[in-house]
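Residue-level listing of the chains:
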Amino acid sequence: MFMAYLPPPAYSSPFRGPQGKVAELRLELNSGGKKDKNFTTKKIALKKIVANMTMSNNDMVALFPDIIGCMAIQSLEIKKMCFLFLVNYARMRSEIAVKAIPVLEHDMEDPNPLVRALALRTMSYIHVREFVEATVPIVKHLLRDSDPYVRKTAAFCVAKLYDHDRHMVEASDLIDRLNSLLRDDNPTVVASALASLMDIWERSDAIKLTIDYNNASKMVAILPDCSEWGQTYILEALMSYVPQESGEALLLAERIAPRLSHSNSAVVLTCIRVILYLMNYIADQKQISTLCRKLSPPLVTLLAKGPEVQYLALRNALLILQRRPEVLRNDIRVFFCKYNDPIYVKVTKLELIFMLATEKNIDEVLTELREYATEIDVHFVRKAVRAIGKLAIKIEPAARQCINLLLELVATKITYIVQEATVVIRNIFRKYPNQYESIIGTLCENLDSLDEPEAKAAMIWVIGQYASRIENSDALLEDFLYSFAEEPVEVQLALLTATVKLFIQRPTKGQELVPKVLKWATEETDNPDLRDRAYMYWRLLSTDMEVAKRIVMGDKPAITAESERLDPVTLEEMCLNVGTLATVYLKPVQTVFRSARPRRLQESPALQRQEVPNPNGLRSDANKSLSQFGNGGQPAEFDPRTGRPEGGNIVQAVHDADAYFTSQMRDMHIQEQGDSFGGNGNEGSGYVVNQYAPQTVYQPAQGVVNNRDLLL
């Protein structure tokens with residue numbers, strides 16, 4: 001007996017193809033008739049179409065003629081959905097979309113200003129030649145509309161048209177008409193016209209935006225009557241005003257200062273940016289100090305908002321502190337971390353705590369850092385330990401306190417704490433030679449905890465540097481040398497240098513290790529840095545031991561613990577962009593937004609050129625050659641009789657090579673990028689201890705010290 005399989009009837013199938021769905025929606029769209037006075041059926045169908053369109057269902061484009069038919073219905077809700085469909089699919093089916101132009105033109109004569117504005121906005125959004133050309137005469141007419149909402153929309157449409165076809169807009173008188181809106185009676189219209197002009201100025205090379213004092217004064221006068229975004233537009237536009245007198249800048253800064261207490265974060269940050277900008281044109285230092293004191297409370301208030309706004313405020317605070325250190329000077333407690341802060345907020349707060357730490361508040365700072373060093377988050381604990389070590393270098397009277405705290409943390413025997421402590425103690429030894437070497441024994445007791453390259457390299461440096469004081473230094477180095485071939489190049493370089501130091505200080509202990517390590521480094525490695533350094537040591541040791549000792553065991557460059565500071569030009573530009581995304585990355589604006597116009601302080605009789613403050617008083621000395629560091633500013637082998645390096649052509653060649661490569665590195669702007677503190681390096685003399693150095697990139701230090709936590 002055979003049973004024939006019959007498919008279920010079509011109407012009962014739960015699945016239907018795209019064409020079936022389109023046909024069904026078309027039927028719903030055209031149903032209802034005269035009985036449906038509120039167009040309920042059409043609204044439901046349009047909502048379904050918009051939902052499918054939102055999910056990138058391009059089958060809905062087949063309904064274009066039906067949608068255009070619905071656009072004439074006098075219902076604002078239906079018009080909104082039809083216009084949304086038109087904007088989404090107009091470029092895909094431009095030959096059908098142009099049929100909507102008469103409907104839109106008719107709507108722009110509607111007595112309802114909402115309909116006029118909606119039709120104009122829709123028409124300006126569509127990047128189709130026919131729509132752009134049809135919009136120009138309509139915008140000219142609606143810029144003089146009786147309703148301020150329509151005028152505001154028309155002002156924004158000029159910027160939109162400029163984005164579509166700048167040459168057509170420049171050839172017309174639209175920009176002049178837009179400029180005339182700045183004299184409008186409605187503050188919202190003025191703010192919108194300013195925003196549109198700023199947008200056009202950002203995109204154009206031919207248009208120059210200039211604001212004199214009278215216009216700037218009028219703009220400030222209408223600030224209280226504008227919406228929060230209108231205030232942002234006006235404050236943004238004030239950055240184009242160049243004060244010609246110090247008194248003008250001061251008066252304007254005082255008048256916009258009340259905006260610092262606004263509830264909107266964008267208004268507050270933009271106001272801070274304008275005041276920082278105007279400070280450059282104020283001559284009276286007392287008035288500048290008064291303004292700086294006014295900037296602290298709003299920044300602190302932003303820390304009570306959500307974590308994203310907190311982070312933005314903190315990143316901007318890092319910039320402001322470099323430019324105006326008196327801001328936030330006494331507010332260190334507000335940057336103490338909360339237990340529920342996200343890690344990115346905690347790390348940024350830690351940077352600010354370090355920047356604001358002084359001899360007066362070091363006790364409470366170290367108490368706070370002790371708490372951070374015992375938290376669960378490993379990444380944050382590492383940062384906290386690094387910060388303690390950097391504070392020992394930054395604040396000399398507190399060095400003993402910091403070291404005691406580090407030893408207390410090392411006593412916990414927690415692996416990652418011991419490793420971070422080892423790295424920072426190495427830097428402390430560099431900063432304070434012959435003062436705290438008594439703690440070397442404690443470090444040697446924790447050798448088994450070291451498994452990260454940076455920590456290993458730091459400990460090996462300590463062993464090599466103080467080989468004469470560590471009784472079993474040869475045995476300790478030999479333990480590390482067992483795995484020489486498997487170690488990363490950073491550790492291999494440290495082992496090579498430490499072995500040479502051991503041989504120089506204790507020849508009998510190192511005479512067996514040195515040839516072995518030199519052979520490995522020259523014959524069994526593919527790394528050119530390691531091989532070249534080994535050859536250099538080999539030739540030094542085989543030529544003149546005294547010269548080798550002076551070079552290998554010579555004085556090290558000075559260490560500072562300041563955070564990486566932005567160079568003055570970049571810092572100036574960044575302070576003119578406070579509150580933007582560029583300040584989060586601490587990068588120049590054009591690095592983040594390629595089309596952005598770089599900002600610079602404009603020349604004026606009132607402009608006060610300010611040198612970027614340097615807390616340590618270090619002078620910039622970028623022209624000093626590498627061979628001059630650590631030897632009183634003179635080359636390593638200097639003959640005072642001739643005024644030239646002695647030792648013949650070799651020493652002179654080395655000196656010339658030093659000068660050449662130093663200039664090349666400076667011209668190439670070679671910098672080590674940290675994950676915080678700006679990543680632009682410090683151009684001051686000496687080295688900078690980088691608390692936030694990346695964990696994977698290695699740049700061998702000059703000379704013989706393997707110290708990637710220090711960068712020139």
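Above this note sits the structure.
About the thresholds
- All residue numbers refer to positions counted from 1 along the written sequence of the respective chain.
- Since the coordinates come from a predicted model, pLDDT governs what is reported: local features require at least 70, and pairs of side-chain atoms require 80 or more to be given and counted, while whole-chain, interface and lining totals use all residues.
- As a rule here, side-chain values cover all heavy atoms of the structure and leave hydrogens and water aside.
- Starting at the N terminus, helices and strands are each numbered in turn, a helix being any DSSP run of H or I of at least four residues and a strand any DSSP run of E of at least two.
- Exposure classes here rest on a 1.4 Å probe applied to the protein chains alone. A residue is buried below 20% of its type maximum, exposed above 50%, and partly exposed in between.
- Calculation of accessible area relied on Shrake-Rupley with a 1.4 Å probe; when residues are assessed, cover is drawn exclusively from the protein chains displayed.
- The criterion is simple. A nonpolar core is a set of buried Ala, Val, Leu, Ile, Met, Phe, Trp, Tyr and Cys residues joined through side-chain atoms within 4.5 Å.
- Residues are treated as being in contact if the distance between any of their heavy atoms lies within 4.5 Å.
- Excluding any residue in a salt bridge, patches collect residues exceeding 30% relative accessible area, merging like charges within 9 Å and nonpolar Val, Leu, Ile, Met, Phe, Trp and Tyr side chains within 5 Å.
- Definition used for salt bridges: Asp or Glu carboxyl oxygen within 4 Å of a side-chain nitrogen of Lys or Arg.
- Neither His nor the chain termini are counted; the positive set is Lys and Arg, and the negative set is Asp and Glu.
- Note on charges: their place is set at NZ of Lys, CZ of Arg, CG of Asp or CD of Glu.
- Given a helix with a known number of residues, its expected span is that number minus one, times 1.5 Å.
- For the purposes of these results, a polar contact is taken to be a pair of N or O atoms within 3.5 Å, where, inside protein, one atom must be able to donate a hydrogen and its partner to accept one; residues adjacent in sequence count only when each atom of the pair is a side-chain atom.
- Aromatic pairs are defined between Phe, Tyr and Trp rings, using the six-membered ring for Trp, whenever the two ring centres lie within 6.5 Å; interplanar angles under 30 degrees are classed as stacked, those over 60 as edge-to-face, and all others as tilted.
- Two limits define a charge over a ring: the Lys NZ or Arg CZ must be within 6 Å of the ring centre, and within 35 degrees of the ring normal.

Draft legend 1. Examining the overall build of the chain more closely. Scanning the chain for helices and strands turns up 35 helices and 5 strands. When each of the 712 residues of the chain is scored for burial, the buried share is 52%. Carbon and sulfur atoms make up 52% of the accessible area of the chain, which amounts to about 33900 Å² in all.

Draft legend 2. Just the nonpolar core, in detail. Residues Leu-238, Ile-256, Ile-272, Leu-369, Tyr-372, Leu-391 and Phe-429 are the most contacted members of the largest nonpolar core, which totals 153 residues. Those residues in contact with Ile-272 that sit more than four places away from it in its chain are Leu-260, Leu-295, Leu-299, Ile-320 and Val-578. Among the nonpolar cores identified, the runner-up in size contains 64 residues, and Met-60, Val-61, Cys-82 and Ala-119 belong to it.

Draft legend 3. Summary view of a nonpolar patch on the surface. A cluster of nonpolar residues, Phe-156, Trp-229 and Tyr-233, forms a patch on the protein surface that exposes about 290 Å² of accessible area. Here Tyr-233 lies in helix 14 (residues 228–237).

Draft legend 4. Structural detail: a negative patch on the surface. A cluster of acidic residues, Asp-448, Glu-478, Asp-479 and Glu-512, forms a negative patch at the surface. With respect to the helices and strands, Glu-512 occurs in the loop between helix 28 (507–510) and helix 29 (513–523).

Draft legend 5. Spotlight on the environment of Ala-195. With respect to the secondary-structure elements, Ala-195 resides in helix 12 (residues 187–203). Accessibility expressed as a relative area gives 14% for Ala-195, which makes it buried. Taking the C-alpha atoms as reference points, Ala-195 and Tyr-233, 38 residues apart in sequence, are found 5.4 Å from one another. Setting aside residues no more than four positions away along its own chain, Ala-195 makes contact with Phe-156 and Tyr-233.

Draft legend 6. Focus on helix 2 (residues 40–54). Given a rise of 1.5 Å per residue, 15 residues ought to cover 21 Å, and the 21 Å separating the end C-alpha atoms of helix 2 matches this to within 8%. Those residues of helix 2 lying buried are Lys-42, Lys-43, Ala-45, Leu-46, Ile-49, Val-50, Asn-52 and Met-53. Downstream of helix 2 by one or two residues, Ser-56 has phi in the positive range, about 60°.

Draft legend 7. The pattern of salt bridges, seen in detail. Counted according to the given criterion, the structure contains 29 salt bridges. Across the pair Asp-66 and Arg-26 runs a salt bridge, and its minimum N-O distance is 3.0 Å. Of the two residues, Asp-66 sits in helix 3 (residues 64–70) while Arg-26 sits in helix 1 (residues 18–30), which places them 40 residues apart along the sequence. We note a salt bridge from Lys-456 to Glu-487, for which the minimum N-O separation is 2.9 Å. Separated by 31 residues along the polypeptide, Lys-456 in helix 25 (residues 453–465) and Glu-487 in the loop between helix 26 (473–481) and helix 27 (489–505) bring together distant segments of the chain.

Draft legend 8. Summary view of helix 9 (residues 148–164). Over its 17 residues, helix 9 extends 25 Å from the first C-alpha to the last, a length consistent with the 24 Å expected when each residue adds 1.5 Å. Of all the residues in helix 9, the buried ones are Val-150, Arg-151, Thr-153, Ala-154, Ala-155, Cys-157, Val-158, Ala-159, Leu-161, Tyr-162 and His-164. The inward-facing, buried residues of helix 9 abut helix 7 (113–125), helix 8 (129–142), helix 10 (166–171), helix 11 (174–180) and helix 12. Backbone nitrogen of Tyr-149 and a side-chain oxygen of the N-cap are separated by 2.8 Å at the start of helix 9; the cap is Asp-147.

Draft legend 9. Fine view of the packing of aromatic side chains. Evaluated as defined, the whole model comprises 11 aromatic pairs. Measuring from centroid to centroid gives 5.5 Å for Tyr-277 and Tyr-281, while their planes differ by 70°, and the two rings are edge-to-face. Both residues of the pair, Tyr-277 and Tyr-281, belong to the buried class. Ring centres 6.4 Å apart and planes at 85° place the aromatic pair Trp-461 and Tyr-466 in the edge-to-face group. Like Trp-461, the residue Tyr-466 is buried in the burial classification. Among the aromatic side chains, those forming a connected cluster through ring pairs are Phe-64, Phe-85 and Tyr-89. Geometry around Phe-354 places Lys-394 over its ring, the cationic atom sitting 4.8 Å from the centre.

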